[in-house]
Amino acid sequence: MSIEFKISNQYLRSNRKKGFVSFISGVSIVGLVLGVITLITVLSVMNGFHKELRNRVLGAISHAYITGYGDTIENWQTLQAKINQHPNVISTSPYIQKYALINASFGSQGIRIRGIQPKLEKKTSVLLDKIKSGNAELGKSNILIGTGLATKLGVRVGNKVTLLVPQLSANIMGIQPRFKRFTVSGIFDAGIGEYDNNLAFIDLHQAQLLYAMKGKVSGIRLKVDDLFNAKKITNEVVNSLNSSQYYGVDWTQQKANFIKALNLEKQMIAIILSLIIAVAAFNIVSMMVMVVTDKKADIAILRTIGMTPKRIVKLFFYQGITIGIIGIVIGTILGVLLALNIEAVIGVIESILGFQFFPKDVFYISRFPSEIHLDDVIMVTVGAFVLVVLASIYPAKRAGKLQISEVLNHE
């Protein structure tokens, strides 16, 4: 251990006996600790929220889908059998995705209609597992709708609704728009407004009849074994079909804006909260300047016994770095512990204050999910250390430039 480091540690211990200097030193460490705790905890909670949202969205849209140009596929059973042969494809389900006007006693609304086979759909989507009332059985005249849509239309399980599609049919009465009467057999709650308010399910065969698709489907939905490798798997599946009339779209393309928004939000929050660490780190500047002022006589004595200005700079630089490392280490440990136990801590705070931060009847996510990422922790600690290093340079250089003649004359 160098003599500079030993003296810097001695100064750090002796400062505890110096009232105001000790107070400023403590404030610097506490500020750094709070900044690191805050940033690690918030980033972990945001990771948890993002994972929760991503899982809900992916559960509704599937990992990928294969369709043809014109959004129709003929002989889809043969195509589905070929897709199922891919080793990374867990399950598939055919679907028809169209638009319709739904009419009920208390109103009407334009919605998306998804024609499905319930048994296969459950293997690629979680929506049919989110039935709030009724059941997920689809017959010739059954329909499943979301909670938001049911509320807007004022319907419940067992009520009748009419689907009016943007196509015409010719019969003995002339040319008329296509429509069909359905019975609401179930109401689902996906926890995502986009689906709860604007999506309805009907049987695949009924959708083919309603939209005059004559045995065709819009595409094949896929569930793969590696969520984050969905793009590569989708491309391999399309290439294995040996046909230029099909193309695939994975979840990163379907929800590209959604993913970008989540990432941008996290980056902006991280930048804003980093200012807390920056303020705490640069408090070290004022603290170290006061230490240098307090130790003028000691610096002069060290210079007279042969210590060079460079070694004086190292002495006070080490002191600033030591204070920073103490704050960063304590903050990192406490931040990780808080992030791991954030739900329990929030539960205690809610019980003390007597209210919920995220009431279940208002928010889709009523808890504080947390997921610690090692790269986030490393980014926070390294960033804080860099700021501490920058904050320690100026006071250390100021100590090295101190004129010993002026100090000794003053003393």
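Residues numbered from 1 in each chain as written. Predicted model: local features only at pLDDT ≥ 70, side-chain atom pairs only at ≥ 80, totals over all residues. Heavy atoms only, no water.

Engineer: Teacher, can you tell me more about the overall build of the protein here?
Structural biologist: Along its length, the protein carries 15 helices and 10 strands. Counting the 411 residues in the protein, one finds 46% classified as buried. Here the analysis covers contacts within the protein between residues at least 6 apart in sequence; of these, 78% occur between residues at least 24 apart. About 21100 Å² of surface is accessible on the protein, with carbon and sulfur atoms providing 59% of the total. (Helix = DSSP H or I, 4+ residues; strand = E, 2+ residues; numbered from the N terminus. Buried < 20%, exposed > 50% of the residue type's maximum accessible area, 1.4 Å probe, protein only. Contact = heavy atoms within 4.5 Å. Areas by Shrake-Rupley, 256 points an atom, 1.4 Å probe, with all protein chains shown as cover.)

Engineer: Help me out: how do you make sense of the pairing of strand S5 (residues 142–146) in this one?
Structural biologist: The buried count for S5 comes to 4 of 5 residues, which makes it a mostly enclosed element. Examined bridge by bridge, S5 and strand S8 (residues 199–203) share 2 bridges and lie antiparallel to one another. For Ile-145, the partnering residue across the bridge sits in S8 and is Ala-200. (Pairing = 2+ DSSP bridges.)

Engineer: Explain the pattern of salt bridges here, please?
Structural biologist: Pairs can form between side chains of opposite charge whenever their charged atoms are close. Applying the stated criterion across every chain, the model contains 4 salt bridges. Between Glu-74 and Lys-216 there is a salt bridge, and its shortest N-O distance comes to 3.5 Å. In this pair, Glu-74 sits in the loop between strand S1 (64–68) and helix H3 (76–84) while Lys-216 sits in the loop between helix H7 (204–210) and strand S9 (219–224), placing the two residues 142 residues apart along the sequence. For Glu-74, a relative accessible area of 48% corresponds to the partly exposed category. Arg-114 is the salt-bridge partner of Glu-121, the closest N and O atoms lying 3.7 Å from each other. A residue is classified by how much of its surface remains accessible, and Glu-121, at 0% relative accessible area, is buried. (Salt bridge = Lys/Arg side-chain N within 4 Å of Asp/Glu carboxyl O.)

Engineer: Quick question: what am I supposed to make of a nonpolar patch on the surface here?
Structural biologist: A cluster of nonpolar residues, Ile-325, Ile-326, Val-329, Ile-330, Ile-333, Leu-334, Leu-337, Leu-340 and Phe-385, forms a patch on the protein surface that exposes about 760 Å² of accessible area. With 8 residues, the top contributor of residues to the nonpolar patch is helix H12 (residues 309–340). When you line up the elements, Leu-334 lands in helix H12. (Patch = residues over 30% accessible without salt bridge, like charges linked within 9 Å, V, L, I, M, F, W, Y side chains within 5 Å.)

Engineer: When you look at the packing of H12 against helix H14 (residues 374–400) in this model, what are you seeing that I'm missing?
Structural biologist: The axes of two packed helices give the description: the angle between them and the distance between them. Where H12 meets H14, the axes come as close as 8 Å, and the angle between the chain directions of the two elements is 155 degrees. Comparing their axes, H14 and H12 come out roughly antiparallel. Classified by chirality, the crossing of H14 by H12 is right-handed. Contacts between H12 and H14 involve Pro-309, Ile-312, Val-313, Phe-316, Phe-317, Gly-320, Ile-321, Gly-324, Ile-325, Ile-328, Thr-332 and Val-336 on the former and, on the latter, Val-377, Thr-381, Ala-384, Phe-385, Val-388, Val-389, Ser-392, Ile-393, Ala-396, Lys-397, Ala-399 and Gly-400. Counted by class, the contact of H12 with H14 contains 17 nonpolar, 6 polar and 1 charged residues. (Axes fitted to C-alpha atoms, helices over the stretch in contact; angles between N-to-C directions. Parallel < 35°, antiparallel > 145°, perpendicular 65-115°, else oblique. Left-handed = near helix turned anticlockwise from the far one by under 90°. Nonpolar A, V, L, I, M, F, W, Y, C, P; charged D, E, K, R; others polar.)

Engineer: What exactly am I supposed to notice about the nonpolar core here?
Structural biologist: The nonpolar side chains of soluble globular proteins are, as a tendency, buried together. Core analysis: the largest hydrophobic core is formed by 60 residues, its most contacted members being Ile-83, Ile-102, Ile-143, Ile-145, Leu-163 and Phe-201. Residue contributions to this core peak at 5 residues, all from strand S2 (residues 89–104). Other than its neighbours up to four places away in sequence, Ile-145 contacts Ile-102, Ala-150, Val-155, Val-184, Gly-186, Ile-187, Phe-188, Leu-199 and Ala-200. Core analysis: the second largest hydrophobic core is formed by 39 residues, Leu-32, Ile-40, Val-377 and Leu-387 among them. (Core = buried A, V, L, I, M, F, W, Y, C linked by side-chain atoms within 4.5 Å.)

Engineer: Where do I start with unusual backbone geometry in this structure?
Structural biologist: Excluding glycine, most residues fall at negative phi; most peptide bonds, likewise, are trans. Even without glycine at this site, Asn-75 takes up a positive phi of about 50 degrees. Positionally, Asn-75 belongs in the loop between S1 and H3. In this structure, Lys-214 takes a positive phi of about 50 degrees despite not being glycine. Relative to the elements of secondary structure, Lys-214 occurs in the loop between H7 and S9.

Engineer: Sorry if this is basic, but what is going on with helix H8 (residues 230–240) here?
Structural biologist: Given 3.6 residues per turn, any residue in an α-helix points the same way as the ones three and four places further on. Of the positions making up H8, those classed as buried are Ala-230, Ile-233, Thr-234, Val-237 and Val-238. Looking straight down H8, one finds its buried side chains confined to an arc of 135 degrees; they lie on one side. Looking at the packing, one finds that the buried side of H8 touches S1, H3, S2, S9, strand S10 (246–250) and helix H9 (251–254). One or two positions beyond H8, positive phi appears at Asn-242, with a value near 55 degrees. (Arc of directions from axis to C-beta.)

Engineer: I'm lost on the packing of helix H10 (residues 256–294) against H14 in this one. Help?
Structural biologist: It is the contact of H10 with H14, at a shortest axis distance of 9 Å, that shows an interaxial angle of 30 degrees. Relative to H14, the element H10 lies roughly parallel. The handedness of the crossing between H10 and H14 comes out as right-handed. Of the residues in H14, those touching H10 at Lys-266, Ile-277, Ala-278, Ala-281, Phe-282, Ile-284, Val-285, Met-288, Val-289 and Val-292 are Asp-376, Val-380, Ala-384, Leu-387, Val-388, Ala-391, Ser-392, Tyr-394, Pro-395, Arg-398 and Ala-399. Residue classes in the contact of H10 with H14 are distributed as 17 nonpolar, 1 polar and 3 charged.

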